[in-house]
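Fold and geometry: a report
The residues making up each chain are set out below.
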Amino acid sequence: MNEDDVARSAQLALLLEVSAYPKPGNVDRTHDFTDTSYEHFLASSVALYPVFRDAAVRGSRRGTGLGSLVKRGVEESRAWQHGGNTHFGALLLLIPLTMAAGACRRYDPHELQRTAAEKMRRTTMEDAIDVYQAFPKARVKVRTAVPEFDLTSDAAIDEIRAKEYTLYQIFSISAAYDMISRELVGGFERTFKSAALLSELARAERINEAITHTYLHLLAAEVDTFITLKFGTERSSYVQKRAKEIVDNGCKHEELEAFDNELVRARLNPGSTADLIAAALFLCILGGLRF
């Protein structure tokens, strides 16, 4: 597929994801976090365009260089805004997807999913090292690291070299407790399912509602591991339970707003869910979604 169209689709996906509201617990056009604002996300989305384009160009080449693209994406994002981590999880998902799109001649979701999964399986030890080096630059805030390869320790890279672990193998370890890792080693199953739901909803609703309702469906279906890592299973289970209640009640706007306010006050932000929605939006836009 055309590399410019791939990059535009990824960039627009990030812009739409952060702009959608109410999106319970996360930054949107109506509210910011203390240290990260809506404008920081906008700046990062624009800064990432050349990275996504390069990923599409490099997608058909032998090997991946996936880790170096993630690392470059973090560097570009940080160079254009001072709000800290905006798109690390989304980058991890979008880089293999944009590479896969560049390798495909046309939009075919089945071929795209197979190709993205293959890109992940073919990652190398160098990809793992690049992502580990990108992690502190992204300033990702979690309370738990990969137990076998501590993300906060410089010794982790030496250990990765000693054991010759690939990025795919690293994510296979963290998949036990991390939603993004599960997507990356599990063939992007939840991402593509969310894209199908979002496309269906967008035929009957405004794009804003299609995004927020898909976000809530995903939050109801799976515990957000970003909350789990920061606040524990009790809090993340509560968020999932409350999201399911609102979905079962028809995703009423006033309930969404109240839920959003509640999560913002408690500083419970389902960041992993937002990352998956960005990736799902990319698939929808690349597949022809217009509004």
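Rules of the game
- Residues numbered from 1 in each chain as written.
- Predicted model: local features only at pLDDT ≥ 70, side-chain atom pairs only at ≥ 80, totals over all residues.
- Heavy atoms only, no water.
- Helix = DSSP H or I, 4+ residues; strand = E, 2+ residues; numbered from the N terminus.
- Buried < 20%, exposed > 50% of the residue type's maximum accessible area, 1.4 Å probe, protein only.
- Contact = heavy atoms within 4.5 Å.
- Areas by Shrake-Rupley, 256 points an atom, 1.4 Å probe, with all protein chains shown as cover.
- Lys, Arg positive; Asp, Glu negative; His and termini not counted.
- Charge placed at Lys NZ, Arg CZ, Asp CG, Glu CD.
- Salt bridge = Lys/Arg side-chain N within 4 Å of Asp/Glu carboxyl O.
- Axes fitted to C-alpha atoms, helices over the stretch in contact; angles between N-to-C directions.
- Parallel < 35°, antiparallel > 145°, perpendicular 65-115°, else oblique.
- Left-handed = near helix turned anticlockwise from the far one by under 90°.
- Core = buried A, V, L, I, M, F, W, Y, C linked by side-chain atoms within 4.5 Å.
- Expected span 1.5 Å × (residues − 1).

In this section: the overall build of the chain. Helix and strand counts for the chain stand at 16 helices and 0 strands. Seen through its C-alpha atoms, the chain measures out along the principal axes to roughly 50 × 40 × 30 Å. Counting across all 291 residues of the chain, residues that qualify as buried make up 56%. By sequence separation, contacts in the chain at least 24 residues apart represent 75% of the contacts at least 6 residues apart. If you sum the accessible surface of the chain, you get close to 12,600 Å²; carbon and sulfur atoms cover 49% of it. The average position of the 36 basic charges and that of the 40 acidic charges among the side chains of the chain differ by 2 Å.

Turning to the environment of A138, a few remarks are in order. Locating A138 in the fold gives a position in helix 7 (residues 125-138). Placed 31 residues apart in sequence, A138 and Y107 show a C-alpha to C-alpha distance of 31 Å. Discounting chain neighbours no more than four positions away, the residues touching A138 are V74, G84, N85 and F88.

Moving on, we come to the environment of C251. For C251, the location among the structural elements is in the loop between helix 14 (233-248) and helix 15 (253-266). Using a relative accessible area of 9% as the deciding quantity, one classes C251 as buried. Between the C-alpha atom of C251 and that of F171, which follows or precedes it by 80 residues, the distance is 33 Å. Beyond its immediate chain neighbours, meaning those up to four positions away, C251 contacts H213, L216, H217, I246 and L256.

Opposite charge on two side chains lets them pair, provided their charged atoms get close. Across all of its chains, the model carries 18 salt bridges by this definition. Between R72 and E76 there is a salt bridge; the shortest N-O distance is 4.0 Å. Residue R72 and its partner E76 are located together in helix 4 (residues 66-80), separated by 4 residues, close to a single helical turn. Classification of R72 as partly exposed rests on a relative accessible area of 27%. Residue classification places E76 among the partly exposed positions, given a relative accessible area of 23%. One salt bridge connects E209 with R206, and the closest N-O pair in it is separated by 2.9 Å.

Attention now moves to the packing of helix 1 (residues 3-19) against helix 16 (residues 271-286). Relative orientation and spacing of two packed helices are given, respectively, by the angle between their axes and the distance between those axes. Helix 16 packs onto helix 1 with a crossing angle of 135° between their chain directions and a minimal axis gap of 8 Å. Taken as axis vectors, helix 1 and helix 16 run oblique relative to one another. Here helix 1 and helix 16 pass one another in a crossing that is right-handed. Judged by residue contacts, D5, V6, S9, A10, L12, A13, L14, L16 and E17 of helix 1 engage A274, I277, A278, L281, F282, I285 and L286 from helix 16.

One recurring pattern in soluble globular proteins: nonpolar side chains tend to sit buried together. By size, the foremost hydrophobic cluster in this structure holds 87 residues, and its most contacted members are F52, F88, I95, L216 and F282. If you tally residues by element for this core, the top one is helix 16, at 12 residues. Here I95 is in contact with V51, F52, A55, L66, L69 and V70, once residues within four sequence places are set aside.

This next bit is on the side chain of T273. Assignment of secondary structure puts T273 in helix 16. When its relative accessible area of 0% is taken as the criterion, T273 is described as buried. With residues near it in sequence (within four places) discarded, T273 still touches M179, Y215, L218, L219 and D224.

Turning to unusual backbone geometry, a few remarks are in order. Geometrically, the link from Y21 to P22 is a cis peptide bond, its omega value of -10° lying close to zero. When you line up the elements, P22 lands in the loop between helix 1 and helix 2 (38-47). Positioned with a positive phi, F188 is a non-glycine residue whose angle comes to about 60°. F188 sits in the buried class, given a relative accessible area of 0%. Not every positive phi belongs to a glycine, and R267 is a case in point at roughly 60°. Here R267 lies in the loop between helix 15 and helix 16.

Now for helix 12 (residues 207-221). For helix 12, built from 15 residues, the straight-helix expectation of 21 Å at 1.5 Å per residue is met to within 8% by its first-to-last C-alpha distance of 21 Å. The element helix 12 is largely enclosed, with a buried count of 12 among its 15 residues. For helix 12, the full list of buried residues reads I207, N208, A210, I211, T212, H213, T214, Y215, L216, L218, L219 and A220. On its buried face, helix 12 is in contact with helix 1, helix 11 (189-202), helix 14, helix 15 and helix 16.

Interpretation in functional terms is not warranted from these geometric data alone.
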